[in-house]
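# Descriptive analysis of the structure
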Amino acid sequence: MIEKQGEFPDTYVRVGDLYCRLDNDEEAINYYQKALEVHPGYLEGLVKIGTQHLRKKRYLESASFLGKALEINDEMITSYVGLGIAQYYAGYENMGRETLELATVIYEDYYCT
């Protein structure tokens, strides 16, 4: 099916989302990874892989992907929250707290002003 549509990162992400809904996280990650093969800086793919790793308690992997996503778009509050949680549980408690505090500052600046 994907071959007929052409290789677009969004197509791979949507298939990954279907696997995620079926609780097949590893296959979801595989498809999100394929999206990054087509477009290495594809923001949605980075966030979804980071989120899946966070769900699987693979905190260092999660932090890596969410950090890359934030390099592309540094206003994504949910990615800061995920990154902070990943850092905290990976053993970098202070860094995790600082990242979560940064998320609240960005939230307040963006939504409360």
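Overview of the structure. (Residues numbered from 1 in each chain as written. Predicted model: local features only at pLDDT ≥ 70, side-chain atom pairs only at ≥ 80, totals over all residues. Heavy atoms only, no water.)

## Comments concerning the packing of helix α2 (residues 9-21) against helix α4 (residues 43-55)
With their axes 10 Å apart at the nearest point, α2 and α4 run at an angle of 20 degrees to one another. Overall, the two elements α2 and α4 adopt an arrangement that is roughly parallel. The two elements α2 and α4 meet at a crossing, and its hand is left-handed. Along its contact with α2, which presents Asp10, Val13, Arg14, Asp17 and Cys20, the element α4 presents Glu44, Gly45, Lys48, Gln52 and Arg55. (Axes fitted to C-alpha atoms, helices over the stretch in contact; angles between N-to-C directions. Helix = DSSP H or I, 4+ residues; strand = E, 2+ residues; numbered from the N terminus. Parallel < 35°, antiparallel > 145°, perpendicular 65-115°, else oblique. Left-handed = near helix turned anticlockwise from the far one by under 90°. Contact = heavy atoms within 4.5 Å.)

## Brief notes about the nonpolar core
Counting residues in hydrophobic clusters, the biggest one holds 27 residues, and the most contacted among them are Tyr32 and Leu36. Sorting the residues of this core by element identifies α2, α3 (25-38), α4, α5 (59-72), α6 (77-89) and α7 (93-111) as the ones contributing at least two each. For this core, the leading source of residues is α5, giving six residues. Once residues within four sequence positions are removed from consideration, Tyr32 is found in contact with Val13, Gly16, Asp17, Cys20, Gly45, Lys48, Ile49 and Gln52. (Core = buried A, V, L, I, M, F, W, Y, C linked by side-chain atoms within 4.5 Å. Buried < 20%, exposed > 50% of the residue type's maximum accessible area, 1.4 Å probe, protein only.)

## Focus: the packing of α3 against α4
It is at 9 Å that the axes of α3 and α4 come closest, and there the two elements cross at 155 degrees. For the element pair α3 / α4, the angle class is roughly antiparallel. Pair α3 / α4 crosses with left-handed handedness. Residues Asp25, Ala28, Ile29, Tyr32, Gln33 and Leu36 of α3 lie in contact with α4, whose contacting residues are Gly45, Leu46, Lys48, Ile49, Gln52, His53 and Arg55.

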